[in-house]
Amino acid sequence: MKAAAYCRFSSDNQREESIDAQLRAIKEYAEKNNIEIVKIYADEAKSATTDDRPQFLQMIKDSEIGIFEAVIVHKLDRFAKRYMRF
């Protein structure tokens, strides 16, 4: 299976290493599950409460042309918070 990796940190208070740590975890998961990461998307200092994230929007466009079959995120809140109300 071909997949994209999506990483994000939400504020300038978090460090860039946060994205590196997310990507390491995603790559480990992909390797263990025989998944090929074909593209990496990363938004720095962007909130998950909005879709106005450049790499997120590019990932959506790329999904429409079949570059990958799935998206892997380290934690669901890195992808979106708007839909995670409990």
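Here, the structure is the one placed above.
Residues numbered from 1 in each chain as written. Predicted model: local features only at pLDDT ≥ 70, side-chain atom pairs only at ≥ 80, totals over all residues. Heavy atoms only, no water.

Visitor: For this particular structure, what's the right way to read the overall build of the chain?
Guide: The secondary structure content of the chain amounts to 3 helices and 3 strands. For the chain, the α and β elements follow one another from N to C terminus as β-α-β-α-β-α. Burial statistics for the chain: of 86 residues in total, 28% are counted as buried. Of the contacts formed within the chain by residues at least 6 apart in sequence, a portion of 67% connects residues at least 24 apart. Approximately 5800 Å² of the chain is accessible, and the part contributed by carbon and sulfur atoms is 47%. (Helix = DSSP H or I, 4+ residues; strand = E, 2+ residues; numbered from the N terminus. Buried < 20%, exposed > 50% of the residue type's maximum accessible area, 1.4 Å probe, protein only. Contact = heavy atoms within 4.5 Å. Areas by Shrake-Rupley, 256 points an atom, 1.4 Å probe, with all protein chains shown as cover.)

Visitor: How should the nonpolar core be read in this particular structure?
Guide: General note: in soluble globular proteins, nonpolar side chains tend to be found buried as a group. Residues A3, A5, C7, F9, I19, L23, I26, A30, I35 and I72 constitute the largest nonpolar core, which totals 10 residues. Broken down by secondary-structure element, the contributors of at least two residues to this core are strand 1 (2-8) and helix 1 (17-32). Broken down by element, the residue count for this core peaks at 4 residues, all from helix 1. Dropping the residues within four chain positions of it, I19 is found in contact with C7, R8, F9, A42, D43 and E44. Residues Y6, Y41, F56 and F68 belong to the second largest nonpolar core, which totals 6 residues. (Core = buried A, V, L, I, M, F, W, Y, C linked by side-chain atoms within 4.5 Å.)

Visitor: Just to check I follow, could you spell out the pattern of salt bridges for this structure?
Guide: Pairs can form between side chains of opposite charge whenever their charged atoms are close. Taken as a whole and judged by the stated rule, the model has 1 salt bridge. Between K39 and D62 there is a salt bridge, with its nearest N and O atoms 3.1 Å apart. Of this pair, K39 sits in strand 2 (residues 36-43) while D62 sits in helix 2 (residues 54-64), and the two are 23 residues apart along the sequence. (Salt bridge = Lys/Arg side-chain N within 4 Å of Asp/Glu carboxyl O.)

Visitor: Hey, could you run me through a nonpolar patch on the surface in this one?
Guide: A cluster of nonpolar side chains, namely V38, I65 and I67, defines an oily patch on the protein surface of about 240 Å² accessible area. Relative to the elements of secondary structure, I65 occurs in the loop between helix 2 and strand 3 (70-73). (Patch = residues over 30% accessible without salt bridge, like charges linked within 9 Å, V, L, I, M, F, W, Y side chains within 5 Å.)

Visitor: Any chance you could explain helix 2 here in plain terms?
Guide: Because each turn of an α-helix spans 3.6 residues, side chains separated by three or four positions end up pointing in the same direction. Of the positions making up helix 2, those classed as buried are F56, M59 and D62. Axial view of helix 2: buried residues confined to an arc of 120°, hence all on one face. Exposed residues lying more than 90 degrees from the buried face of helix 2 are P54, K61 and E64. G66, located one to two residues past helix 2, shows a positive phi value of around 80°. (Arc of directions from axis to C-beta.)

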